[in-house]
Amino acid sequence: FLDSGLETAIILEDDVDWDIHLRTSQIPKVAAAVRQLTNQPSSSPYYYGSPNDWDILYLGHCGDIFKPERWTADVPRMALPDDTLAWRKTMHPKTQAFLRSIHVKEKVRLVHKSIFPLCTFGYAVTRSSAHRLLHDVARREQDGGTVAYDVRILEACRDLGFRCWSANPELFHHMRAPSEIASVETGGGVDDEGRLMGEFGKGTTNLACGARSRDYFTRDPKTLEYLREEVGRKGQCLRQVLDEPPKRPRNSLAQRISSLLARRAAS
């Protein structure tokens, strides 16, 4: 990234998933909140606000979870209504308990100054913060820091003056699938173009409708057109549309969509 000449970058682990509404609604809301929280003018040319005003954006993590007494009035924050969020009862039990403990309403995402962000599923950096991470933070384990990379970045936010912001619940999360790099190297777990697919019937933690579901991997022309219209243009989640009970062996996506279309035509 530092060799690229770019001003900002997002670093993603290879086995993360995101919701199908990430680009159309989730990212725009979070970016607008970051701009407002960093006091950016409406005319700012920077989508997330000037990189001079933030160091790390935690968009994907395994929890920025802290004790309720840390959630004081002086913690900068915004609450964003978001209908694309997963229902609370489907989230990880620790996420459920945490959101209840700080009285966050259903279908609301927070953007706030990071307090205890753990894991590096997806995080944005600036040229300045990336340089500091490489040349300062990563070389200070002997000063009492941990050698675990994600915890070391947490320490940078908590102890070393980095200006960090968290989307909570997160936008990116580790998926139930092997590492994509490892899968490519061993020849399994991906399609013939090397794209990672998640497991059948299990959603990704804290995501309502993961984009890397096996349901979206097909070469059938009719199925692809259905996906373009229903998922791509309308933002429909297949879990909500394809209500056929799972079978053993499970019907293919094309078979399930054909069955759905036939039922619709008959009604």
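Above this text is the structure in question.
Each residue is numbered by its place in its chain's sequence as written, counting from 1. Residues qualify for local features only when their pLDDT is at least 70, as the model is predicted, and side-chain atom pairs are given and counted only at 80 or more; totals for whole chains, interfaces and linings, by contrast, use all residues. With hydrogens and water excluded, all non-hydrogen atoms of the structure serve as input to the side-chain values.

1. Topic: the side chain of Asp55
The topology assignment puts Asp55 in the loop between helix 1 (22-37) and strand 3 (56-60). Burial classification: accessible surface area is computed with a 1.4 Å probe over protein chains only, and a residue below 20% of its type maximum counts as buried, one above 50% as exposed, and the rest as partly exposed. Overall, Asp55 belongs to the buried group, its relative accessible area being 2%. Polar contacts here mean pairs of N or O atoms no more than 3.5 Å apart (in protein, one a potential hydrogen donor and the other a potential acceptor; neighbouring residues in sequence count only if both atoms are side-chain atoms). Polar side-chain contacts of Asp55 include one of 2.7 Å to the backbone nitrogen of Arg163. Whether two residues touch is decided by their heavy atoms; if any such pair falls within 4.5 Å, the residues are in contact. Other than its neighbours up to four places away in sequence, Asp55 contacts Ala124, Val125, Thr126, Ser129, Arg132, Gly161, Phe162 and Arg163. Where helices and strands are cited, they refer to DSSP runs of H or I of at least four residues and of E of at least two residues respectively, numbered from the N terminus.

2. Observations concerning the pattern of salt bridges
Throughout this description, the term salt bridge denotes a Lys or Arg side-chain nitrogen within 4 Å of a carboxyl oxygen of Asp or Glu. A complete count under the given rule lists eight salt bridges for this structure. A salt bridge links Arg109 to Asp82; the nearest nitrogen and oxygen atoms lie 3.0 Å apart. Note that Arg109 is positioned in strand 6 (residues 108-113) and Asp82 in the loop between strand 5 (77-81) and helix 2 (93-101), a separation of 27 residues in sequence. Residues Arg109 and Asp82 agree in their burial class; the two are buried. Residue Glu225 pairs with Arg233 through a salt bridge whose shortest N-O separation is 3.6 Å. According to the relative accessible area criterion, Arg233 is exposed, its value standing at 55%. Linked by salt bridges that have partners in common, Glu225, Arg228, Glu229 and Arg233 make up one network.

3. Observations concerning helix 3 (residues 127-135)
The complete set of buried residues in helix 3 reads Ser129, Ala130 and Leu133. Angularly, the buried residues of helix 3 cover 100° about the axis, an arc narrow enough to put them on a single face. As for helix 3, its buried residues are in contact with strand 3, strand 8 (122-126) and helix 4 (149-159). Directions from the helix axis toward the C-beta atoms define the arc.

4. Concerning the nonpolar core
Side-chain atoms within 4.5 Å link the members of a nonpolar core, which is a set of buried Ala, Val, Leu, Ile, Met, Phe, Trp, Tyr and Cys residues. Grouped together as the largest cluster of nonpolar side chains are 21 residues, with contacts concentrated most on Val30, Tyr48, Leu57, Leu59, Val111 and Leu171. For this core, the element with the most residues is helix 1, which contributes seven residues. In this structure Leu171 touches Asp17, Trp18, Asp19, Leu22, Gln26, Ile27, Val30, Leu59, Arg109 and Leu207, once residues within four positions along its chain are discounted. Membership of the second largest hydrophobic core comes to 13 residues, among which are Trp71, Met91, Val108 and Ile115.

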